[in-house]
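The primary structure of each chain is shown beneath.
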Amino acid sequence: MEWVLAEALLSQSRDPRVLLGALCRGEASAERVETLRFLLQRLEDEAARGGDAGALPEAAREVAAGYLVPLLRGLRGRPAGCSEPGPPGRQRRRVLRAAGAALRSCARLAGGPQLAAALAEEALRDLLAVWPASSLEGAVEVLAAVGPCLRPCEDGPLLQRVAEAALAVALGGHGDGDEAGPAEDAAALVAGRLLPALGQCGGAALRAVWGGLVAPGMPSGPGRVGPKLLVLSALAEKLLPEPGTDGDPGAREAGPDARCCGRFWRTVQAGLGRAEDALTRKRARYLLQRAVEVSAELGADCACACAPQEGNGPSLFWWSDKKKDELLKFWENYILIMETLEGNQIHVIKPVLPKLNSLFECAVSEGNGCWLFHPSWHMCIYKRMFESENKILTKEGVIHFLELYETKVLPFSPELSEFIIGPLMDALSESSLYSRSPGQLIGSGSPLGLKLQKFLVTFISLLPEEIKSSFLLRFIQKMTSRHWCAIPILFLSKALASVPRCKALGIEGLLALRDVLQCTMITHQILLRGAAQCYLLQTAMNLVDVEKVSLSDISTFLMSLRQEESLGRGTSLWTELCDWLRVNEGCFRRLSTCSSTGLSETASLNAYVRNLVQEYVKSPAWERENCFMPDWFEARLVAMMVLLAVDVEGMKIQYSEKRRTQNVLRIFLDPLLDALMKFGTNAYMPLLKTDRCLQLLLKLLHTCLLKGSSTQDDEVCTLLQNFVMSTTESISEFILRRLTMNELSSVSDLDRCHLYLMVLTELINLHVKVGWKRGNPIWRVISPLKNASIRHLQEMDSGQEPTLGRQVQRVVSMAALAMVCEAIDQKPELQLDSLDAGPTERFLSSLQLNQTLQKPHTEEPSSFFEESSSSQGWGKIVAQYIHDQWVCLSFLLKKYHTLIPPSEGEVLEPVLPAVQMPIRTLQSALEALTVLPSDQVLPVFQCMKILVPKLLTSSESLCVESFDMAWKIISSLSNTQLIFWSNLKAFVQFVFDTKVLTIAAKIKGQAYFKIKEIMYKIIEMSALKTGVFNTLISYCCQSWIVSPSNVSQESLSSAKNYSELVLEACIFGTVFRRDQRLIQDVQTFVENLGRDCAANVVIENTKREDHYVRICAVKFLCLLDGSNMSHKLFMEDLAIKLLDKDEVVSKSRTRYYVNSQQHRVKNRIWQTLLVLFPRFDQNFLNRIIDKIFQAGFINNQASIKYFIEWIIILILHKFPQFLPKFWDCFSYGEENLKTSICTFLSVLSHLDIITQNIPEKKLILKQALIIVLQWCFNHNFSIRLYALVALKKIWNMCKTMHVEEFDALTSVIESSLNQVENMHGAGNAKKNWQRIQEHFFFATFHPLKDYCLETIFYILPRLSGLVEDEWIAIGKFTSFTDIPLDAGFQWYLSSTQLCELEPGDWAQQDRGFNSGEADDQSEWTDVQKKIIPWKNNVPDLDLELAFQDRAAKLGKSISRLIVVASLIDKPTNLGGLCRTCEVFGALVLVVGSLHCVKDKQFQHLSVSAEQWLPLVEVKPPQLIDYLQQKKAEGYTIIGVEQTAKSLDLTQYCFPEKSLLLLGNEREGIPANLIQQLDVCVEIPQQGIIRSLNVHVSGALLIWEYTRQQLLKHGDTES
């Protein structure tokens, strides 16, 4: 068409100048410029054939300089005449392309190279001037057009400058900032248009681009990979040698060979493994694939040069013609894996992973065990998997890598070590990877954690000794480089602890381990962080080289561990540490600097500890009076080292009788004991020394207590306590003097006061423990301390000016008084006075509650403010003062609770106002709650607990207000705060006190409903704060129990009013989020380690798991006695509420899925009913039997059916009187029964149990046979199976009893049973018959012998497919001791083999009748209608007519859409596309080979469409030229591909001249062709699967193009 038009123009005038001049005038429309382009190309062809040039060169120069260059340079907006709808840049690009092609023809027609060089110089200036602006198209088009016309030698410098500028633009495409978007467009334009053109120039241009890419100073990083790969893929054909030129040196100028460049391969690897952009990864795969293809075609050996730092390993890439087949296989598998990973779908990727194993087998030489392929290639695959957004794929990748060393031994490579410390550890930081495998039991541990442990042990054992230390150090340092969650740090620490002992770490490694310990403290999961600390200490003992660290380093490291979470004395970890110190005692590094104390003179542990204590007790020279109290760190360190050294000596004594522990301990503590003995007599002992001595004393007493075992047999503890008791008199006199003689006068002295009172409390505990004697030193201190404190407080109230000293003494006196009250309250033997109210009690009762201490006047301006940093201000001091007041008042109220009147008017002259005026006191308590911080409210709660029961009747509104105020405090706290649990416990004890509950239920007023409201709020809170409901139910159940065998009648009658609490407890259990479930799993795993993990011994098991709520309620119900009327009424009320709840849940959703919340709640309801069943009598069952039978008719999950069937069996066994009601269940209409009848047939299969207590069984057997036989012929297969099982069991009973009446039925029954037993080739029928007979409910389960807690709560849920969250192991019942059961309680464990079974294949389910045998075939409601979309149906067509003529005869319309399918391989896809293109009237279908038309599969899909559609053959290597030709003709090249810049199909407007390029089924569109695309269009997706079939994708775009054109033409016609 274009050729004909050019000829027509030339026929009008043979003077080209006239024609060209005419075309250059007027509007610069796309059509005008395209006409100019093909006219110039026609003239160029004519000149090439030897035609007379004449004035043509001059005309070409005029067109170029006067029209085309100004046009390209000035084209900024929309060109004139652009009325066609669509994106604003489309017409502009048409003009640019046509103008560029025309300019190239002008340069060739100009008659010399000068024009091309001049144009290139000018365009280069423009390019450099506008960069980095967005309008580069003109300059790029000029350079792309004239570049190939430049001379490689003469214009070499110019080409080099153009190449450098082009490279700068292309590599700047991914910069940051506001210009990032336009810069990316410019980079794509240069890479797609200019660089390929420069590549054709070869020589200087190509060398300049290549040199810039591989220059050593080039910036690197993740952001530079994309632009580099963009350039490399654009020049791929020029940077790789051409096949066939190796024998002809002159055939092609020797250019760079990218295969031999290490930087090239590192860029490709970075694109494969780390690139976030799919297009960048695709370019990397393309470059790798082309390099392999070129190497295979060339057949010559080549190798990439290694960098010096890479050592003697294999090249990054090499080729040997001798190993061509092995190399091709390796790289084909490699590229296949990388392409498959793009899918992100685990079911697609998993089958390909075995090929990864084969890659490793190929990569290692069998002869010498060295790497044949560089291991970094394998690491790229794992990096890609680790960085996938699909976490399942990431987990598969991590597990696959960790399993590498299980089956093979890989040679050492630095790449592997770097990969482990880098990408692998980054991937391991994701907590979700450590989840259990499907089917794995809770608490069995993480499979990935176990694999990590095995891998690390194996890998480190294979490391060369010179590498091992640096690798371990970097591994541990990596653990400190980020904020790790509790679970990853736990399993990494466990893996490190498993590494065999070696001398790998020095002081730097020890410091790194200490930093990791600090990381563990961030998490709130105490048990997990405690376990991690244990493993990190074991790591230190296994890996530290003791000759490189000193005992001082070790002791500092040990201080990073929390003794209350991990390193407790008496644990296995403590013993292990002692043994390690004993073995290595003489090997520790000596300190380099000697001191006067001799600390560095010996590495002996005893000498070190002895000097440590001496140094500690010494008074520092820099001490000044009134200084702050010393930090506790040093006291903790010294105390721990003393006890470690003593226990190490104890170990030595076991091996050889050297010295006794008493002597060793005495030697260590002599300096401390000497100082303590002088406390009472030396009034001038330095203050700091006394502080440090008392701190050490406290820490020794706290640390020496054995964790997890009795301290009675601990010789060290006994000796230490004896030593301390010998100093009691001196210490107590010192403390008495300090507290009572106005010696504490500054803010920092309040911390000392706290220290003194703690020491005094410990001394009291020690003396009470050994036996209290009225004459002991503590006795002589308590009374004077109490009297002096009261005297001080009375003096302060005399109105003296509040100086700092007086106010501090006031706070000290109140604190001392509170300590005395607490001590007397907890230890009655300390009672000083009689029960009559003495002066102390009268003083305490008259205290001005909540009195705010006035801030003191500062006589010396610096005295207060200098020390304010040691406290958090005066407010904290006042809060402590008020707290201590309430501690004293709590003691008073407990002592005289009998004197509290129910109302204040009854006592006219109260002796004890605070006790005898309770309303005023409770009002003060409410005021205190508004003043005190939440960590100081405990004593107020304790006072309320005593006051509220007394006032609930007379002052209900005040009591309700106190409930509200207290709940606000509790609900505002986080459960991660230490004070939360103690406050919650005190709150529950106060609000849910038995007396309060009883009175509130009796008066049924505001308090009763407020308590119910709070109860439900606590249950609601439990969903977020695990363990809250546990506190409530445990306290209530314990308060309703007097003894294990005696539940109080009165308390239980009040409990009946709160039976909702027990009901909610019986059905309680939250559904965890996945992350919460994972934490629960790992905590259970740590708990299952038992005493092997010291954290389990040190950290108290708080029983806060949700299971313990139900366990508590169930154990409480087990204590109830059915013969006790109060108990009986309570249980019956609870049972009715449970059945009502079941009915509500059943109605909430008619169909519910397995393990849903409804399923779990119903399951818990029926478990509780089974526990209650033995206490039900016949009268009560008569009330509820209908509800139980009705529950059997509801569609239920398998576990619930088992429980309902079980309880029906137990009822009928115990009370056969209900059998008539049971028979009635079979007489419902069949439509109502559906498959629910299986429930009742299952009950009949246990008829032997039901009739056990019935002497005359014949009538029952007869009735059962009649019923079962009729169901054996039901049309539903499942019903028939259940009926046959029941029939077999009942018939066996009949045969055993020899019932003659049934002889007539023998032949029918026997033949039926024989038929089902001997089924042949009946598909699944025979298998299902076998499965149902072997099912546990019919084969093993015994309703009477298996009636126990284990079956109800563990075995049956496990066998019926319930999620593990619902399995409650019997060990949890026995370990929960808050509700103790009688010693004679026997029904914990199952006595049958049921517990040994595994879940079977058969499961009872309600599926309705559609089980495969309801063979009703529905009628055809519609038929497919074939449509012939031709206007004229011509029977005799001339098949030889040209396509267009043939189409015209048939009235078929032809569009201007070209569909290019040259990349598609499969004939089925090509046939389908052919049919689609023909149906929608595409202009032409381009295929890779016309031979595909003869393929049977093609023809089957195309149904003769190839006869009505033009097919053109363009082979894949020719596609670039074909696409460029179509671009020049004005076509927009559209690719179906997902890229960062792709447009949504629903938003894209197709131009009329559209060319649709479809990608290969597996690889998509190659990277070199993506450069040719004008636009990428993607189909919006809603699902998970990543891509559509290529035929389907093409069909969607073809239809969308057709739809838009139809709408456009419809608008035009209208």
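All residue numbers refer to positions counted from 1 along the written sequence of the respective chain. Under the rules for a predicted model, residues below a pLDDT of 70 receive no local features and side-chain atom pairs below 80 are neither given nor counted, while totals for whole chains, interfaces and linings still include all residues. Water and hydrogen atoms were dropped before computing side-chain values, which therefore reflect all heavy atoms in the structure.

Peer 1: Looking at this model, I keep getting lost on the overall build of the protein. Mind explaining?
Peer 2: When you go through the protein residue by residue, the secondary structure sums to 74 helices and 11 strands. Only protein chains enter the accessibility calculation, which uses a 1.4 Å probe. A residue is then buried if its area is under 20% of the maximum for its type, exposed if over 50%, and partly exposed in between. For the protein, the residues scored as buried account for 57% of the 1614 residues in total. What counts as a helix is a DSSP run of H or I of at least four residues, what counts as a strand is a run of E of at least two, and both are numbered from the N terminus.

Peer 1: It is not clear to me how the sheet that holds strand 5 (residues 1457–1461) should be interpreted in this structure. Could you clarify?
Peer 2: Where strands meet in a sheet, backbone hydrogen bonds hold them as pairs that are either parallel or antiparallel. The seven strands are arranged 7-6-5-10-8-11-9 in an open sheet whose pairing can be described as parallel. At either end of the open sheet lies a strand with only one pairing partner, and these are strand 7 (1511–1513) and strand 9 (1543–1544). In terms of strand pairing, strand 5 meets strand 6 (residues 1484–1487) through four bridges, oriented parallel. Bridge assignment links V1460 to a residue of strand 6, and that residue is V1486. Here, a strand pair is defined by DSSP locating no fewer than two bridges between the strands.

Peer 1: What is the right way to look at helix 57 (residues 1198–1214) in this model?
Peer 2: An α-helix turns once every 3.6 residues. As a result, residues three or four positions apart point the same way. Helices are assigned an expected span. That span is 1.5 Å times one less than the residue count. End to end, helix 57 covers 25 Å across 17 residues, agreeing with the expected 24 Å (1.5 Å per residue, within 8%). The buried count for helix 57 comes to 16 of 17 residues, which makes it a mostly enclosed element.

Peer 1: Got a minute to help me understand the packing of aromatic side chains in this structure?
Peer 2: The relative placement of two aromatic rings is captured by the distance of their centres and the angle of their planes. Between 30 and 60 degrees the pair is tilted, below 30 it is stacked and above 60 it is edge-to-face, where a pair is any two Phe, Tyr or Trp rings, Trp via its six-membered ring, whose centres lie within 6.5 Å. Under the defined criterion, the tally for this structure stands at 64 aromatic pairs. Note on W1206 and F1341: the rings are 5.0 Å apart at their centroids and 90 degrees apart in plane angle, and the pair reads as edge-to-face. Of this pair, W1206 sits in helix 57 while F1341 sits in the loop between helix 66 (1336–1339) and helix 67 (1349–1359), placing them 135 residues apart in sequence. Taking relative accessible area as the criterion, W1206 reaches 0% and is therefore assigned buried. You can call F1341 buried: its relative accessible area is 5%. A connected cluster of aromatic rings, assembled from ring pairs, spans W210, F264, W265, F317, W318, F330, W331, Y334, F373 and W377.

Peer 1: Just to check I follow, could you spell out the nonpolar core for this structure?
Peer 2: When a protein is soluble and globular, its nonpolar side chains tend to lie buried together. Counting residues in each nonpolar core, the largest one holds 502 residues, and the members touching the most others are F401, L558, F987, F992, W1166 and F1222. Those residues in contact with L558 that lie beyond four places of it in its chain are L537, L567, L577, M640, M641 and L644. If you look at the next biggest cluster of nonpolar residues, it comprises 31 residues, including C1477, Y1548, V1575 and Y1601. We define a nonpolar core as any set of buried Ala, Val, Leu, Ile, Met, Phe, Trp, Tyr and Cys residues linked to one another through side-chain atoms lying within 4.5 Å. Note on contacts: a residue pair is in contact if any heavy atoms of the two residues lie within 4.5 Å.

Peer 1: Explanation requested: the environment of I1464 in the structure shown.
Peer 2: Examined against the element boundaries, I1464 turns out to sit in the loop between strand 5 and helix 70 (1467–1479). Look at I1464 and you get buried, because its relative accessible area is 5%. A sequence separation of 99 residues divides I1464 from E1563, and the C-alpha atoms of the two residues are 9.9 Å apart. Leaving out residues up to four positions away in the same chain, I1464 has contacts with N1469, L1470, L1473, L1558, G1559, E1561 and V1590.

Peer 1: Before we go on, may I ask you to explain a nonpolar patch on the surface in this structure?
Peer 2: Each patch is built from residues that are more than 30% exposed by relative accessible area and take part in no salt bridge. Like charges join if they lie within 9 Å; nonpolar side chains (Val, Leu, Ile, Met, Phe, Trp, Tyr) join within 5 Å. The Shrake-Rupley method, run with a 1.4 Å probe sphere, supplies the accessible areas, and residue values consider only the shown protein chains as cover. The working definition used for a salt bridge is a side-chain nitrogen of Lys or Arg within 4 Å of a carboxyl oxygen of Asp or Glu. On the surface, L1588, V1592 and L1596 cluster together into a nonpolar patch covering about 220 Å² of accessible area. Tracing the sequence through the fold places L1596 in helix 74 (residues 1590–1613).

Peer 1: What is the right way to look at the pairing of strand 8 (residues 1532–1536) in this model?
Peer 2: Walk down a regular strand and you will see the side chains alternate between the two sheet faces. By the criterion of burial, strand 8 is predominantly enclosed, with five of the five residues buried. Side chains of strand 8 alternate between two faces, with T1532, I1534 and V1536 and I1533 and G1535 buried alike. Looking at chain direction, strand 8 and strand 10 (residues 1554–1557) are connected through four bridges and run parallel. Bridging from a neighbouring strand, T1532 pairs with S1554 of strand 10. As defined by bridge partners, strand 8 adjoins strand 11 (residues 1575–1578) across three bridges and the pair is classed as parallel. For I1534, the partnering residue across the bridge sits in strand 11 and is V1575.

Peer 1: What should I look at first to understand the side chain of T994 in this one?
Peer 2: In this fold, T994 is placed in helix 46 (residues 994–1003). Each polar contact in these results corresponds to two N or O atoms within 3.5 Å; when the atoms are within protein, one needs to be able to donate a hydrogen and the other to accept it, and residues that are neighboring in sequence are counted only if both atoms are side-chain atoms. There is a polar contact of 3.4 Å between the side chain of T994 and the side chain of S1039.

Peer 1: Please clarify how the packing of helix 29 (residues 605–617) against helix 32 (residues 687–704) should be interpreted in this entry.
Peer 2: If you want to describe how two helices pack, look at the angle between their axes and the distance between the axes. It is at 9 Å that the axes of helix 29 and helix 32 come closest, and there the two elements cross at 140 degrees. One way to sum up the angle between helix 29 and helix 32 is to call them oblique. Of the residues in helix 32, those touching helix 29 at E615, Y616 and V617 are K689, R692, C693, Q695 and L696. When residue character is reported, Ala, Val, Leu, Ile, Met, Phe, Trp, Tyr, Cys and Pro are called nonpolar, Asp, Glu, Lys and Arg charged, and the others, Gly included, polar. The residue makeup of the contact of helix 29 with helix 32, split by class, is four nonpolar, one polar and three charged. Angles run from 0 to 180 degrees between N-to-C directions of axes, and those axes are lines fitted to C-alpha atoms, restricted for helices to the stretch in contact. Here is the rule for angles: anything less than 35 degrees is roughly parallel, anything more than 145 is roughly antiparallel, 65 through 115 is roughly perpendicular, and the remaining ranges are oblique.

Peer 1: Looking at this model, I keep getting lost on the pattern of salt bridges. Mind explaining?
Peer 2: Scanning the model with the defined rule gives 53 salt bridges in all. A salt bridge links D426 to K478; the shortest N-O distance between them is 3.1 Å. Here the residue D426 occupies a position in helix 21 (residues 414–428), and K478 occupies one in helix 23 (residues 465–479), the gap between them amounting to 52 residues. By relative accessible area, which is 18% here, K478 ends up buried. In this structure, E565 and R562 form a salt bridge, with 3.1 Å as the shortest nitrogen-oxygen distance. Through salt bridges with shared partners, one network takes in R1110, R1160, R1164, D1365 and E1366.

Peer 1: Help me understand the environment of G875, please; the structure alone is not making it clear to me.
Peer 2: With respect to the helices and strands, the residue G875 is situated in helix 40 (residues 874–895). Assessed through its relative accessible area of 52%, G875 is described here as exposed.

Peer 1: I'm lost on helix 22 (residues 447–462) in this one. Help?
Peer 2: For helix 22, which comprises 16 residues, the first-to-last C-alpha distance of 23 Å matches the rise-based estimate of 22 Å (1.5 Å per residue) to within 8%. Of the residues making up helix 22, those classed as buried are P447, L448, G449, K451, L452, Q453, F455, L456, F459 and I460. Capping the start of helix 22 is the job of one residue whose side-chain oxygen sits 3.3 Å from the backbone nitrogen of L448: S446.

Peer 1: Would you explain the pairing of strand 10 in this entry?
Peer 2: Here strand 10 shows a buried face lined by S1554 and L1556 and a second buried face lined by L1555 and L1557. Pairing between strand 5 and strand 10: four bridges, direction parallel. Counted as the bridge partner of L1457 is S1554 from strand 10.

Peer 1: What is the right way to read the state of the cysteines from this model?
Peer 2: Two cysteines, two sulfur atoms, one covalent bond between them: this is a disulfide. Two cysteine sulfur atoms make up a disulfide if the distance between them is within 2.5 Å. A full pass over the atoms with the stated rule returns zero disulfides. Looking at C106, it has no disulfide partner, and the nearest cysteine sulfur is the one in C24, 8.0 Å off. Judged by its relative accessible area of 0%, C106 is buried.

Peer 1: How do you make sense of the packing of helix 47 (residues 1006–1022) against helix 48 (residues 1028–1039) when you look at a structure like this?
Peer 2: Axis separation between helix 47 and helix 48 bottoms out at 7 Å; the angle between their running directions is 140 degrees. By the angle between their directions, the pair helix 47 and helix 48 is classed as oblique. Contacts between helix 47 and helix 48 involve M1015, I1018, I1019, M1021 and S1022 from the former and V1028, F1029 and L1032 from the latter. Here the contact of helix 47 with helix 48 is built from residues that sort into seven nonpolar, one polar and no charged.

Purely geometric numbers; function is a separate question.
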